[in-house]
Amino acid sequence: AQRVTQPEKLLSVFKGAPVELKCNYSYSGSPELFWYVQYSRQRLQLLLRHISRESIKGFTADLNKGETSFHLKKPFAQEEDSAMYYCAQRDNYGQNFVFGPGTRLSVLP
Amino acid sequence: DAGITQSPRHKVTETGTPVTLRCHQTENHRYMYWYRQDPGHGLRLIHYSYGVKDTDKGEVSDGYSVSRSKTEDFLLTLESATSSQTSVYFCASGEVSYEQYFGPGTRLTVT
C-alpha cells in the first residue's frame, strides 16, 4: 500500500529561522506530490504541487526520487506560517490521494 | 472556498443508526471526495466520484457507501454507525484530477 510519512508531529522554530518539513513517500512509480496547509480556523488548502514547481508564500519543495522524499522548505519562517502541514501523493492511475499524518509548525516570535 | 458546503456541521448519533452526510458544490466540478481525519492518521480517503453515478472506493471504505445522482451533491452514508466512525469528515471537489478544494468539515460523534 502507498504510504506517506511525516516524521515530525510538531516542529517549532523561531521567526526568521529556516524551516524544513520532512515528507517521504512509498509509491514506486512516478507519483504526483502535494503539500497542503490548514491555518487555524481555515479550510485545508493546496500550498504547492511538485509538477508546477512554483514557490508559494516563500515555500519550495523538491522531489528527490532517489530518497523518495518531498521536503518542504522556507529560508525565513514567519509567524503567519504557523499551521498544520500535510504531504500527499496521488498515483497516476486514479484519484487515490494518500495523505501523511501531518506536521504542526509553530513559529515563535 | 470554491462554493463547497457540508451538512450537517456537527452530529451526535447512537451506535447502530444510519447517518448521511451531504457535500454540496456550486462549481460544477467533476471530481468529489470524502475523507475522514483522525489524530495520527491525517486524512484518509473513503470514497471518491469522477462523475454522476461514477464512484470508487478509497483506502477506508468499509462501513461507508456513497451516492452521486447530481453533479453538485455527493452523499456519504454510514449504514450502521459504530464508535470507530467517530471522526471529522471532509469533502472535497475539483475540476481536474489533481485539484481538490475542501469543505469546512463535519464533526461526527457516535455514542
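Bear in mind the structure is a predicted one, so any value in this text is a computation, not a measurement. (Residues numbered from 1 in each chain as written. Chains lettered and ligands numbered in written order. Predicted model: local features only at pLDDT ≥ 70, side-chain atom pairs only at ≥ 80, totals over all residues. Heavy atoms only, no water.)

## Regarding the interface of chain A and chain B
The figure often quoted for interface size is the accessible area lost as the parts come together. Counting residues at the interface gives 15 residues for chain A and 19 residues for chain B. Where chain A abuts chain B, roughly 1600 Å² becomes buried across the two surfaces, and 54% of that area is made up of carbon and sulfur atoms. Between chain A and chain B we count zero salt bridges in total. Inspection of the chain A/chain B interface yields five residue pairs in polar contact (both at pLDDT 80 or more). A total of four residues in the side of chain A that touches chain B trace back to one element, the largest contributor, which is strand E5 (residues 32–38) of chain A. Along the lines of polarity and charge, the residues of the side of chain A that touches chain B split into seven nonpolar, four polar and four charged. (Contact = heavy atoms within 4.5 Å. Buried area = accessible area lost by both parts, 1.4 Å probe. Salt bridge = Lys/Arg side-chain N within 4 Å of Asp/Glu carboxyl O. Polar contact = N/O pair within 3.5 Å; in protein donor to acceptor, adjacent residues only side chain to side chain. Helix = DSSP H or I, 4+ residues; strand = E, 2+ residues; numbered from the N terminus. Nonpolar A, V, L, I, M, F, W, Y, C, P; charged D, E, K, R; others polar.)

## Considerations on the nonpolar core
Residues and elements named next belong to chain A. Core analysis: the biggest nonpolar cluster contains 25 residues, and Trp-35, Leu-47, Leu-48, Phe-70, Leu-72 and Tyr-85 have the highest contact counts within it. Among the secondary structure elements, those contributing two or more residues to this core are strand E2 (10–14), strand E3 (19–21), E5, strand E6 (45–49), strand E8 (69–74), strand E9 (83–90) and strand E11 (103–108). Setting aside residues up to four positions removed in sequence, Leu-47 forms contacts with Trp-35, Tyr-36, Val-37, Ile-56, Phe-59, Leu-72 and Tyr-85. (Core = buried A, V, L, I, M, F, W, Y, C linked by side-chain atoms within 4.5 Å. Buried < 20%, exposed > 50% of the residue type's maximum accessible area, 1.4 Å probe, protein only.)

## Things to note about the sheet that holds strand E7 (residues 64–70) of chain B
Residues and elements named next belong to chain B. Here we have four strands laid out as an open sheet, ordered E1-E3-E8-E7, and antiparallel in their pairing. Every interior strand has two partners, whereas the edge strands, strand E1 (4–7) and E7, have only one. Strand-to-strand twist of the sheet, defined as the mean angle between neighbouring strand axes without regard to direction, takes the value 20 degrees. Where E1 lies against strand E3 (residues 19–25), four bridges are found, and the strand directions are antiparallel. Across the sheet, Thr-5 pairs through a bridge with His-24, a residue of E3. (Pairing = 2+ DSSP bridges. Axes fitted to C-alpha atoms, helices over the stretch in contact; angles between N-to-C directions.)

## Describing the state of the cysteines
All names here are of chain A. The full count for this structure, using the stated rule, is two disulfides over all chains. In this model, Cys-23 is linked to Cys-87 through a disulfide, with the two sulfur atoms separated by 1.9 Å. Measuring the twist about the S-S bond at about -65 degrees, one finds the Cys-23-Cys-87 disulfide to be left-handed. Pair noted here: Cys-23 is in the loop between E3 and strand E4 (24–25) and Cys-87 is in strand E9, with a separation of 64 residues, a long-range link. The residues Cys-23 and Cys-87 share a single accessibility class, namely buried. (Disulfide = S-S within 2.5 Å.)

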